[in-house]
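Summary of the model geometry
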Amino acid sequence: MNKVNISEKLNKINDYWNPRIAGELNGQQIRLVKIKGEFQYHKHDNEDEMFLVIKGSLKLDFKDKVVDVFEGEFIIVPKGVLHRPIADQE
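Residues numbered from 1 in each chain as written. Predicted model: local features only at pLDDT ≥ 70, side-chain atom pairs only at ≥ 80, totals over all residues. Heavy atoms only, no water.

**Structural notes on a nonpolar patch on the surface**
So the rule is basically this: Only residues above 30% relative accessible area that lack a salt bridge enter a patch, with like-charged residues linked at up to 9 Å and the nonpolar side chains Val, Leu, Ile, Met, Phe, Trp and Tyr linked at up to 5 Å. Accessible surface is estimated by sampling points in the Shrake-Rupley manner with a 1.4 Å probe; for residues, cover comes only from the protein chains shown. Salt-bridge detection follows one rule: a side-chain nitrogen of Lys or Arg within 4 Å of a carboxyl oxygen of Asp or Glu. Helix and strand assignments follow DSSP, with helices taken as H or I runs no shorter than four residues and strands as E runs no shorter than two, numbered in order from the N terminus.
A surface patch of nonpolar side chains, about 630 Å² in accessible area, is lined by Val4, Ile6, Met50, Leu52, Ile54, Phe74 and Ile76. For the nonpolar patch, the elements supplying multiple residues, two or more each, are β4 (49-52) and β7 (74-77). In this fold, isoleucine 54 is placed in the loop between β4 and β5 (57-61).

Printed below as a string of structure tokens:
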């Protein structure tokens with residue numbers, strides 16, 4: 001069992017939209033990523049996706065609405081739901 005320091009891991013990431021695996025839990029990967037700008041609309045057929053904002057803010061565009069997620073908040077996008085992450089700043 002090893003602990004993970006999220007800040008240290010994020011400091012090692014120097015690019016955007018390139019998730020790094022920080023751990024695994026019950027067959028699910030815990031990924032860390034820095035984002036800036038817009039990603040394409042997409043969905044996941046087999047798994048839910050969780051977005052936890054450590055620093056900054058995130059917009060999740062669901063075509064029919066946009067949800068703002070701020071520092072210390074998270075959102076879970078159910079499998080099969082079309083979404084597009086957007087971050088104006090890193």
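From this point, the discussion proceeds with the structure in view.
**Overview of the pairing of strand β8 (residues 84-87)**
For clarity, the threshold we go by: Categorising residues by exposure relies on relative accessible area from a 1.4 Å probe, with only protein chains included: less than 20% of the type maximum marks a residue as buried, more than 50% marks it as exposed, and the intermediate range marks it as partly exposed. A strand pair is defined by DSSP finding two or more bridges across the two strands.
Of the two faces of β8, the one lined by Arg84 and Ile86 and the one lined by Pro85 and Ala87 are each fully buried. By the bridge criterion, three bridges tie β5 to β8 in an arrangement that is antiparallel. Bridging across to β8, leucine 60 finds its partner in proline 85.

**Concerning the pairing of β7**
Residues Ile75 and Val77 of β7 are buried on one face, while the alternating residues Phe74 and Ile76, pointing to the opposite face, are not. One ladder, built from four bridges, connects β4 with β7; its direction is antiparallel. What sits directly across from phenylalanine 51, in β7, is isoleucine 75.

**Things to note about the layout of surface pockets**
To be explicit about the condition: Space inside and on the surface of the protein is sampled on a 1 Å grid over the protein atoms alone, with a cavity defined as a set of points where a 1.4 Å probe fits but cannot get out and a pocket as an open set with protein on both sides within 12 Å along at least 5 of 7 lines; lining residues have an atom within 4 Å of a point. Grid points are joined across faces, edges and corners, and a volume is the space filled by probe spheres set on the points. Residue classes follow a fixed rule: Ala, Val, Leu, Ile, Met, Phe, Trp, Tyr, Cys and Pro count as nonpolar, while Asp, Glu, Lys and Arg count as charged, and any other residue, Gly among them, counts as polar.
Of the volumes computed, that of the largest pocket is approximately 1,600 Å³. In terms of lining, the largest pocket is formed by 39 residues, of which the most central are Arg31, Leu32, Val33, Met50 and Leu52. Looking at the lining of the largest pocket, the elements that each hand over two or more residues are α1 (6-11), β1 (20-25), β2 (28-32), β4, β5 and β8. Here the lining of the largest pocket is composed, by residue class, of 20 nonpolar, 11 polar and eight charged.

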